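# Fold and contact review
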Amino acid sequence: MSAPHPETWLTPQPGGLFCAPGGLFIDPVRAVERAVITHAHSDHARPGHGAVLASAATLALMRARMGEVGAGRVQQALGWGERLRIGEVTLWLAPAGHVLGSAQVAVEYRGSRVVVSGDYKRQADPTCDAFVPVACDVFVTEATFGLPVFRHPPAEAEIGRLLDSLRTFPERTHVVGCYSLGKTQRLIALLRAAGWDAPIFLHGALAPMCAVYEACGVALGELRPATVAAKAELVGRIVLAPPAAIADRWARRLAEPVVCMASGWMRVRQRARQGGVELPLVISDHADWGELNRTIDEVGAPEIWVTHGSEEALIHEVAKRGVRGRALRLIGYGEEEA
């Protein structure tokens, strides 16, 4: 007897992607009794679930974000490659390379394997485990940057542009808009690797996630709160802040700030101009067009399902290589953490 096609047992529902033989949702967008969470960003990790299965780092980040109870009444950590039988399925996790603890979820049922990637990137990142391609029958992928125009430059080169600007404008504070989970810590690690040993100043909203990273063994060097620092102390310094803060009164208290933004969306010049960004840095925690296609080729799946993003362009491209594509159009996943 042939294996049942995954579309008969893994289905998109209003609550998210539901695995019927396991009785579980993967990254549900509403509270459910049994959830498997790929990573701790707020569009994938929601509060109020009953039982939650995730990597240990993801659970730690969820507890910091939403409290012990909010992160799940019952929490179970799973190590990379550790197999677990749930109902009629066998499930295991592999690194996704997106942020600390981010995981792909491999689900096996009656001879077929589906890998749900969550969000992922392929560029090197010292703050999280690198993406590992897993052979499968269906690969469930994002397509946040699923258009040919999106090709991310090396992150180290973008950091070089930031440091060049600091040398050009030593009398100004460089304030960089970056999301609190993943992007902030990656920027810090990139700056340290580039030789920036000075203290890095943080908006208060970024500090809790940095503390979890350090508790998980990711060294970030000296970090100081920006809010209590004197204006003169921030001259020639780097300040990291949430994107919403760089354009409001909070940033105006800095010393002639050079407003920067680290995001894959900075490839779109109009977005940078609309946000008042003087120095756009194209640094993304998502796969770009080339990386999406390379990943699909590496996992060797004859079929892909696309959760969100530019689904149609990616599906059209892989069809040229004989890969079947399906747009799931899941609601609730966004571009906030790009």
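The notes below deal with the structure included here. (Residues numbered from 1 in each chain as written. Predicted model: local features only at pLDDT ≥ 70, side-chain atom pairs only at ≥ 80, totals over all residues. Heavy atoms only, no water.)

Moving on, we get to the packing of aromatic side chains. Both the distance between ring centres and the angle between the ring planes are used here to describe each pair of aromatic rings. Going through the model one piece at a time under the given rule, you end up with seven aromatic pairs. Arranged with centres 5.0 Å apart and planes meeting at 35°, the rings of Tyr120 and Phe131 form a pair that is tilted. Of this pair, Tyr120 sits in the loop between β10 (112-116) and β11 (138-143) while Phe131 sits in the loop between β10 and β11, and the two are 11 residues apart along the sequence. Taken as a pair, Tyr120 and Phe131 share a single burial class, namely buried. Relative to Phe139, the ring of Tyr120 lies with its centre 6.0 Å away and its plane at 65°, an arrangement referred to as edge-to-face. (Phe/Tyr/Trp six-rings, centres within 6.5 Å; stacked < 30°, edge-to-face > 60°. Helix = DSSP H or I, 4+ residues; strand = E, 2+ residues; numbered from the N terminus. Buried < 20%, exposed > 50% of the residue type's maximum accessible area, 1.4 Å probe, protein only.)

Take the sheet that holds β11 next. Strand order across the open sheet formed by seven strands is β7-β8-β9-β10-β11-β18-β19, with mixed pairing between neighbours. With one partner strand each, in any of the chains shown, β7 (84-86) and β19 (324-327) form the two edges of the open sheet. In this sheet, adjacent strand axes meet at a mean angle of 25° when their direction is disregarded. Judged from the five bridges that link them, strand β9 (residues 103-109) and β10 form a sheet pairing that is antiparallel. Bridge pairing links Tyr109 to Ser112 in β10. Against the sheet, helix α7 (residues 289-299) engages β11 and β18 (303-309), with an angle of about 170° to β11. Across the sheet, helix α8 (residues 311-319) touches β11, β18 and β19, and the angle it forms with β18 is around 160°. (Pairing = 2+ DSSP bridges. Axes fitted to C-alpha atoms, helices over the stretch in contact; angles between N-to-C directions. Contact = heavy atoms within 4.5 Å.)

A complete count under the given rule lists 19 salt bridges for this structure. With a closest N to O distance of 3.4 Å, Asp285 and Lys121 form a salt bridge. Placement of Asp285 in the loop between β17 (279-281) and α7 and of Lys121 in the loop between β10 and β11 is noted, with a sequence separation of 164 residues between them. For the pair shown, Asp285 and Lys121 are each scored as buried. For the salt bridge of Arg224 with Glu233, the shortest nitrogen-to-oxygen distance reads 3.2 Å. By relative accessible area, Arg224 is classed as partly exposed at 29%. Within this structure, Lys121, Asp125, Arg186 and Asp285 form a network of salt bridges that share partners. (Salt bridge = Lys/Arg side-chain N within 4 Å of Asp/Glu carboxyl O.)

For the rest of this paragraph, the subject is the packing of helix α1 (residues 56-70) against helix α4 (residues 207-215). Where α1 contacts α4, the two axes come as close as 10 Å, and the packing angle between them is 155°. Considering the angle they form, α1 stands roughly antiparallel to α4. Seen from above, α1 lies across α4 with right-handed handedness. When α1 is examined against α4, the residues Ala60, Leu61, Ala64 and Arg65 are found in contact with a partner set consisting of Met209, Val212 and Tyr213. For the contact of α1 with α4, the per-class residue count stands at six nonpolar, no polar and one charged. (Parallel < 35°, antiparallel > 145°, perpendicular 65-115°, else oblique. Left-handed = near helix turned anticlockwise from the far one by under 90°. Nonpolar A, V, L, I, M, F, W, Y, C, P; charged D, E, K, R; others polar.)

This paragraph deals with the sheet that holds strand β12 (residues 174-177). Reading across from one edge, β14-β13-β15-β12-β16-β17 is the order of the six strands in this open sheet, with parallel pairing throughout. Pairing within the sheet leaves two strands with one partner each, and these edge strands are β14 (223-225) and β17. Taking the axes of each pair of neighbouring strands and ignoring which way they run, one obtains an average angle of 30° across the sheet. Sheet analysis places β12 next to strand β16 (residues 258-262), joined by four bridges and oriented parallel. Residue Val175 lies in a different strand from β16, and its bridge partner there is Val259. Together, β12, β15 (238-241), β16 and β17 form the strand contacts of helix α2 (residues 155-168), whose direction differs from that of β17 by roughly 155°.

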